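Given next are the chains, with one letter for each unit.
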Amino acid sequence: MLPALDVASVSAAVQGGPLIPAGELSLPPGLIHLNTASAGPTPNRVLARTIAAWRQLERDPVAQCYSDQPDTVFTAADDVRGKAAALLGCSANEILFTRGTTDGITTLAHSVKLNARDRILLSNLEHEGGEVGWLHREKMSGVVVDRIQLPFEEHDPQRIVDAYAAALTPKTKVISVSHVLAPTGLRMPVAEIARIARSRGVLCVVDGAQAVGQISFDVRSIGCDAYATSGHKWLMGPKGTGFVYIAKNAAGAFDPPQWQLGRAVGSNSAGLAPLTIVVGLGEALDATRALGIHRIEAYNRGLANTVYTEMTKMPQLRIVSPTPGACSTAMVAAMLPPAIDADRLRAALRTRHNVVIKRAERRWFNGIRLSPHVFNDEVQVARALAALRTELAG
């Protein structure tokens, strides 16, 4: 069963203003940023820590980049493995730093031991970053990518699990699935999918780009073999950061080249890591844990519930996100009628109303997605919805 937040706690969470005040960000006054699911704004304290680490590194590059002494940038960056592990619920030696989720999934796709004609199972609703590594592996080494077809408005966890179970074949070796679907914000039943995978001797890889920093969970409870995420979305960390979890008991299945000569942040097999932004990612992880992931989830879901409720009142929109509840997240998406172009609507909201939203990927549908986060508040959401109403009517 998916965990559900108490309705009263969600409603109460949005009282008292944003969890991160506007003054702690670099966003210009008046800008309403409702697209954290694409990229979150990095708080000033995270930027300051990143820049301080960079200045420290440049004073003595060799010592700061390669020494594991306590006061070096290398050590500060390597310590971030433990911070990432604490958030995910695993150990530091199960964490591999990457440039983001796409880099992480691609690394996993090319590190897993497969034979020609082995099969990989995806859905039609995976983000490009979660599938490109598998498609490249198919092109290069002859594995076969299968897809199940999930309707956008399929939100029933059991039917989704049944669809994955039915699609497995004796040759299926990996299921790769999003924890939260990018097009709709649906929280997928990944623990149940991972359980089905284990029962059939299939590896389970989870794309966590839209989950880490947004919802509460731990990877051990999910039971997946590997999990990849980014630092630049809900964690609001430096762009170009991310990390992968590879379970200890999956070590025989995944063999990333970066770990051939050690698992520290940098090594002779991983190369020189982007140490300064990894240190900044550590600051972002500290900030997330200080706020509390349960508090963040409740606050964001409170804002998103308002977005969902008000968007259902706009006749031009067809909501494809789940109703507020156990399967919903802070992402609300809707289809537009053919007469309303999503690109033009997005541009109008930005230029006329200073509101930033996401245009849905064309391969999915002509539509929009809103994703509030801890720096937004009820006033901003109300203004954005009023602007959306105005543009749809015009």
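Just so you know, these numbers come straight off a predicted model, no measurement behind them.

Of the residues making up helix 6 (residues 101-109), those classed as buried are T101, G104, I105, T107, L108 and A109. Among the structural elements, strand 2 (95-98), helix 7 (128-141), strand 6 (203-207), strand 7 (226-230) and strand 8 (242-246) are those in contact with the buried residues of helix 6.

Further remarks concern the packing of aromatic side chains. By the definition in use, this model includes 2 aromatic pairs. Ring plane angle 90° and centroid distance 5.1 Å describe the contact between F152 and F365, whose orientation is recorded as edge-to-face. You can see F152 sitting in the loop between strand 4 (144-148) and helix 8 (157-167) and its partner F365 sitting in the loop between strand 12 (358-359) and strand 13 (367-370), a full 213 residues away along the chain. Given a relative accessible area of 6%, F365 falls into the buried group. We note R263 situated over the ring of W259; from NZ or CZ to the ring centre the distance is 3.9 Å.

Contact pair helix 5 (residues 80-88) / helix 11 (residues 275-291): the axes reach a minimum separation of 9 Å and the direction vectors enclose 35°. Classified by chirality, the crossing of helix 11 by helix 5 is left-handed. Where helix 5 abuts helix 11, its residues V80, K83, A84, A86 and L87 lie against V278, V279, L281, G282, L285, D286, T288 and R289. Tallied by class, the residues present in the contact of helix 5 with helix 11 amount to 8 nonpolar, 2 polar and 3 charged.

Spatially, the 7 strands line up as an open sheet ordered 2-8-7-6-5-3-4, and their pairing is mixed. For this open sheet the edge positions go to strand 2 and strand 4, each flanked by a neighbour on one side alone. Ignoring strand direction, the axes of neighbouring strands in this sheet form an average angle of 20°. Pairing of strand 3 (residues 119-123) with strand 4 involves 5 bridges; the strand directions are parallel.

In terms of nonpolar packing, the biggest core is built from 127 residues, with W134, Y164, M188, Y227, F243, F254 and M311 touching the most fellow members. Sorting elements by how many residues they give to this core places helix 12 (residues 293-311) first, with 8 residues. If we ignore the near neighbours within four places in the chain, the residues touching Y227 are H179, V206, G208, A211, V212, F217, V219, I222, F243, V244 and Y245.

On to unusual backbone geometry. You will see that M236, though not glycine, has its phi angle at about 60°, which is positive. Positionally, M236 belongs in the loop between strand 7 and strand 8. Residue classification places M236 among the buried positions, given a relative accessible area of 3%. Phi angles above zero are rare outside glycine, and N354 is one such case at about 60°. For N354, the location among the structural elements is in the loop between helix 13 (342-353) and strand 11 (355-356). Relative accessible area serves as the criterion here: at 26%, N354 is assigned to the partly exposed category.

Parameters at a glance
Residues numbered from 1 in each chain as written. Predicted model: local features only at pLDDT ≥ 70, side-chain atom pairs only at ≥ 80, totals over all residues. Heavy atoms only, no water. Buried < 20%, exposed > 50% of the residue type's maximum accessible area, 1.4 Å probe, protein only. Helix = DSSP H or I, 4+ residues; strand = E, 2+ residues; numbered from the N terminus. Contact = heavy atoms within 4.5 Å. Phe/Tyr/Trp six-rings, centres within 6.5 Å; stacked < 30°, edge-to-face > 60°. Lys NZ or Arg CZ within 6 Å of the ring centre and 35° of its normal. Axes fitted to C-alpha atoms, helices over the stretch in contact; angles between N-to-C directions. Left-handed = near helix turned anticlockwise from the far one by under 90°. Nonpolar A, V, L, I, M, F, W, Y, C, P; charged D, E, K, R; others polar. Pairing = 2+ DSSP bridges. Core = buried A, V, L, I, M, F, W, Y, C linked by side-chain atoms within 4.5 Å.

Spatial relationships are all this shows, so hold off on functional conclusions.
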